[in-house]
Amino acid sequence: MQPRFHCTPPEAVTETVRETVFVGDYTFLIDRPANSDKLLDLPWCRSAYIADEYVPYWPTLWPSARMLAKAVLREPWENYAQPVEVLEVGCGLGLAGVACLARGLRVTFSDVDETALTFAAANARLNGYTQGFRTRPIDFRCPPDDVTYPVVIGSDLMYEERLVGPLVTLLESVLAPDGVCLIADPDRLPARVFRWKLEEAGYSVTPDFARAGEPGGERTKGTIYRIKRNVGRE
């Protein structure tokens, strides 16, 4: 199977809004398309779903992205081998990747939608980061085999169970042997299957409670999965 990339038509994003996102002691600015639900009504979107079951969920700033940003801001990166290279899978608007940049990490934003990558890169620059990041289109059903990363992160990637197997395969390909993966999920049912599949594949999975939301607004509960290859695994 060859990777299949998508590109939300730029002309479909006729208006953007700038959101101020508070994560711990940090404040980030995130530009996103306004009225993202209307994108789902576009003929292009219906055609993309029929052809590849693709839905452009990237324009929404999901609670799991906030959970992941909080987790990476709290991580003791000073204990890692430097410099720390991070791959954000399904980056969407890029909030977690921008949080990594705030901690001095190097980030590769990846997504199956090229317009999402454009927004993620723009949001990195919006927050003052002009270096230390790059973008790469990745369809995690067809993972790249030319690079591994010591850190892989992602949020809300398992919104359908059909995506669990490909995500495990992606980690087999891109996570370095001694690497760490952090996945944030709002406790969707497929996440249970994801954990089982990972353990069957020889990974250790440690779940940590997470919660995130807008200040003064509704807060969503979820889980941060810390994933590592088992010691001695061949």
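Treat the numbers as computed from the prediction; the structure is a model and nothing was measured.

(A) Up close: the overall build of the protein. Helices and strands together make up the secondary structure of the protein, namely 6 helices and 9 strands. Compactness check: the protein gives a C-alpha radius of gyration of 17 Å against a globular reference of 17 Å for 234 residues, within 12% of the reference. Overall size of the protein, expressed as C-alpha extent along the three principal axes, is 50 × 40 × 35 Å. Counting over 234 residues, the protein shows a buried share of 51%. Only carbon and sulfur atoms are counted for the fraction: they give 49% of the accessible area of the protein, which is about 11400 Å². Each charge sign in the protein was given a centre, from 26 positive and 32 negative side chains, and these centres are 4 Å apart.

(B) Here's a closer look at the layout of surface pockets. Of the volumes computed, that of the largest pocket is approximately 660 Å³. Along the walls of the largest pocket sit 35 residues, with Gly 90, Asp 111, Asp 156, Leu 157 and Tyr 159 positioned nearest its centre. When residues of the lining of the largest pocket are traced back to their parent elements, those giving at least two are β3 (85-89), α3 (95-102) and β4 (106-111). Considering only residue class, the lining of the largest pocket consists of 19 nonpolar, 7 polar and 9 charged. Of the pockets and cavities examined, the second largest pocket occupies roughly 230 Å³.

(C) Region of the structure containing helix α5 (residues 164-174). In terms of residue burial, α5 counts as a mostly covered element, since 8 of its 11 residues are buried. Among the residues making up α5, those that are buried are Val 164, Pro 166, Leu 167, Val 168, Leu 170, Leu 171, Ser 173 and Val 174. Close packing links the buried residues of α5 with β3, β6 (149-155), β7 (175-185), α6 (190-200), β8 (203-213) and β9 (219-229).

(D) Expanded view of the nonpolar core. Within the largest apolar cluster, 47 residues are counted, with the highest numbers of intra-cluster contacts made by Val 72, Val 86, Leu 95, Phe 109 and Ile 153. Ranked by the residues each element gives to this core, the list is headed by helix α2 (residues 63-74), at 7 residues. Beyond its immediate sequence surroundings of up to four residues, Val 86 is in contact with Cys 100, Leu 105, Arg 106, Val 107, Thr 108, Tyr 149, Val 151 and Ile 153. Met 158, Val 193, Val 205 and Ile 227 belong to the second largest nonpolar core, which has 26 residues in total.

Thresholds, definitions, all that
- Within any chain, residue numbers begin from 1 and follow the written order of that chain's sequence.
- Selection of residues for local features in this predicted model requires a pLDDT of at least 70, selection of side-chain atom pairs for listing and counting requires 80 or more, and totals for whole chains, interfaces and linings are taken over all residues.
- Hydrogens are left out, water is left out, and the side-chain values use all remaining heavy atoms of the structure.
- What counts as a helix is a DSSP run of H or I of at least four residues, what counts as a strand is a run of E of at least two, and both are numbered from the N terminus.
- With the radius of gyration taken over C-alpha atoms, the globule rule is written as 2.2 Å times the number of residues to the power 0.38.
- Three labels apply to residues, based on accessible area from a 1.4 Å probe with only protein chains included: buried if under 20% of the type maximum, exposed if over 50%, partly exposed otherwise in between.
- We get accessible surface area from the Shrake-Rupley algorithm with a probe of 1.4 Å; when it comes to residues, only the shown protein chains can shield them.
- The convention is simple: Lys and Arg are positive, Asp and Glu are negative, and His and the chain ends are not counted.
- All charge positions are set by atom: Lys at NZ, Arg at CZ, Asp at CG, Glu at CD.
- Using a 1 Å grid laid over the protein atoms alone, points where a 1.4 Å probe fits but cannot get out form a cavity; open sets with protein on both sides within 12 Å along at least 5 of 7 lines form a pocket; any residue with an atom within 4 Å of a point counts as lining.
- Grid points are joined across faces, edges and corners, and a volume is the space filled by probe spheres set on the points.
- Classes in brief: Ala, Val, Leu, Ile, Met, Phe, Trp, Tyr, Cys and Pro nonpolar; Asp, Glu, Lys and Arg charged; the others, Gly included, polar.
- Any two residues whose heavy atoms approach within 4.5 Å are treated as being in contact.
- Residues belong to a common nonpolar core when they are buried Ala, Val, Leu, Ile, Met, Phe, Trp, Tyr or Cys residues joined through side-chain atoms within 4.5 Å.

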